[in-house]
Amino acid sequence: MSHAATYRTVEEQLERVLAAVRARPAVTLPLAEADGSTLAEDARAVNAVPAFDNSAMDGFAVRFADVAAATESTPAILRVTADVPAGSPEDPPLAPGCAVRIMTGAALPTDADTIVPFEDTEGGLADSLAQAVVRRAPAAVGAHVRRAGADAAAGAVVLQAGALLGPRQLSALASVGVAEVAVAPRPRVAIVSTGSELVAPGEPLSRGQIPESNGLLLAGLAAEAGAEIVLREVVGDSGDGPAAAVAGAAALRADVVVFSGGVSAGAYEPVRQSLGGTMEFVSVAMQPGKPQGFGAAAGMLLFGLPGNPVSAAVSFEVFVRPALLRLQGRIRIHRPVRTLPAGADWRTPAGRRQYLPAVVDADGRVVPATRGGSGSHLSVALAAATAYAIVPAEIAQVRIGDPVDIVELE
Ligand SMILES: Nc1nc2c(c(=O)[nH]1)N[C@H]1C(S)=C(S)[C@@H](COP(=O)(O)OP(=O)(O)OC[C@H]3O[C@@H](n4cnc5c(N)ncnc54)[C@H](O)[C@@H]3O)O[C@H]1N2
Ligand code: MOO
């Protein structure tokens, strides 16, 4: 007797997952605690950047008309009447024929319109407090002046709701005078590995046992996607471990539970057996990652990923990561897809979209991450991968030179 496979497409399954995502109220954090968080509201500049007209060079603030004709042989000679270091509140007057010594970042005197760097004067810094002998004319009025608001005007939106905050974004917010931000709370995630064959890494292996590795994998991937890991545990194949884990996760106010293992067609499938009433178990037209469980209960999203390590990693990438990013209101929940030529031949499963751990070689071609192939148990290949090659279900064979879509993981 044979069973014709009826697959759900990746898009259909993802649509169901994303439809179950509910946004949570924002929290306010000081900038120093917001790295990796997602903005919940547009952030606006409190002050302009630059906040005031200032000098881009160490040198002299001048009136352009006084130095416009300066040359090596006919220098403009100006009397230095004041000195303005960065941070000074002074706005010294500048009469025609005079100059103000000024440092980078100091406010441009109101009467000045141009900066002459020390390098364009005869005396340079060494002889800069009495007179400035300008031997090269500035290119134009306004040379080396950084104008107030050139980067951002006060009140302007500098980052949109849904932006990921990293070091560059946080420093931009600091520069516009923002001290704290409204962000999405970190999704609270429980990671539950299932299988009576699993032992802790480094434990001696009895026949039939393997080291538990999905817990580290999925906890790390979830953290990379902005999650806080509130629970990590391993449950055996018998009993009601998965249901107990869901109750434990709910007690910890988890938003998401990610199971691995125990979702396919065997006799001992604890997630399927324990949570069959809460989660839906389906076959998705992808390889690896065919058997998928998903459900929502007690305000939590429950994912049942297949146990094979590559299957678990790919399933996380395709379903869990977008859900975690959507939970945080992230603008972009999918990685960019690039198309590159294949650098090797490989076979792909008929009727299922392939996600192959891959690397981009020195010639910019996509090749499998290891020679081991696409087996979903090849966890060491995963360590070598920097991308997934995505091959459509209709294609059975990739040949050198064929265009291949990839998403890069780093
Ligand atoms: N008769 C069928 N058998 C299988 C089917 C099928 O359609 N019919 N699907 C196969 C596919 S495809 C996959 S993928 C796997 C998924 O199986 P499960 O999710 O039920 O996972 P397990 O059987 O529990 O484990 C599979 C494999 O992965 C290892 N594993 C599990 N958890 C971990 C962990 N935390 N760390 C490291 N390795 C883990 C486990 O030992 C197994 O080797 O089912 C196929 N079978
Ligand atoms: O779907 Mo399984 O993940 O092919 O190995």
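Rules of the game
Residues numbered from 1 in each chain as written. Chains lettered and ligands numbered in written order. Predicted model: local features only at pLDDT ≥ 70, side-chain atom pairs only at ≥ 80, totals over all residues. Heavy atoms only, no water. UniProt positions renumbered as here; feature names shortened; annotations may be inferred. Near = heavy atom within 4 Å. Polar contact = N/O pair within 3.5 Å; in protein donor to acceptor, adjacent residues only side chain to side chain. Areas by Shrake-Rupley, 256 points an atom, 1.4 Å probe, with all protein chains shown as cover. Helix = DSSP H or I, 4+ residues; strand = E, 2+ residues; numbered from the N terminus. 1 Å grid on protein atoms, 1.4 Å probe; cavity = no way out; pocket = protein on both sides within 12 Å on 5 of 7 lines; lining within 4 Å. Points joined across faces, edges and corners; volume = space filled by probe spheres on them. Nonpolar A, V, L, I, M, F, W, Y, C, P; charged D, E, K, R; others polar. Core = buried A, V, L, I, M, F, W, Y, C linked by side-chain atoms within 4.5 Å. Buried < 20%, exposed > 50% of the residue type's maximum accessible area, 1.4 Å probe, protein only. Domains from an automatic or database assignment.

- Going by the annotation in an unreviewed UniProt entry, the name recorded for the protein is Molybdopterin molybdenumtransferase, with Microbacterium capsulatum given as the source organism.
- Check the Cofactor (unreviewed entry) section of the UniProt entry for the protein; it says "Mg(2+)".

## A closer look at the site of ligand 1
- By nearness alone, 21 residues border ligand 1, and E197, E212, S264, E269 and K290 come closest of all.
- The separation between an oxygen atom of ligand 1 and a polar main-chain atom of G262 is 3.1 Å.
- E269 places a polar side-chain atom, nitrogen or oxygen, 2.9 Å from an oxygen atom of ligand 1.
- Against a free-state accessible area of 870 Å², the protein chains account for coverage of 69% of ligand 1.
- Sorting the residues of the shell around ligand 1 by element identifies strand 12 (188-194) and strand 14 (210-211) as the ones contributing at least two each.

## A few points about the UniProt feature "domain: MoaB/Mog" (unreviewed entry) in the protein
- Sequence positions flagged by UniProt for "domain: MoaB/Mog" (unreviewed entry) are, in local numbering, residues 190-326.
- The distance separating the terminal C-alpha atoms of residues 190-326 is 17 Å; by composition the span is 34% helix and 31% strand.

## Comments concerning the layout of surface pockets
- In this structure, the largest pocket occupies an estimated 1100 Å³ of space.
- E224, A225, R321, R335 and L409 are the residues nearest the centre of the largest pocket, which is lined by 45 residues in total.
- Put simply, the parts of the chain that give the lining of the largest pocket at least two residues each are helix 3 (167-175), helix 4 (214-224), helix 7 (309-327) and helix 8 (379-384).
- Broken down by class, the residue content of the lining of the largest pocket amounts to 23 nonpolar, 12 polar and 10 charged.

## Details of the nonpolar core
- F303 and L324 are the most contacted members of the largest nonpolar core, which has 40 residues in total.
- Counting only elements with at least two residues in this core, the list comes to helix 1 (10-19), strand 12, helix 4, strand 16 (256-260), strand 20 (300-305), helix 7 and strand 25 (387-391).
- Sorting elements by how many residues they give to this core places helix 7 first, with 12 residues.
- The residue makeup of this core includes at least three contributed by each of domain 1 (3-23 + 186-327) and domain 4 (337-408).
- Core analysis: the next-biggest nonpolar cluster, separate from the first, contains 19 residues, V192, L231, A254 and V271 among them.

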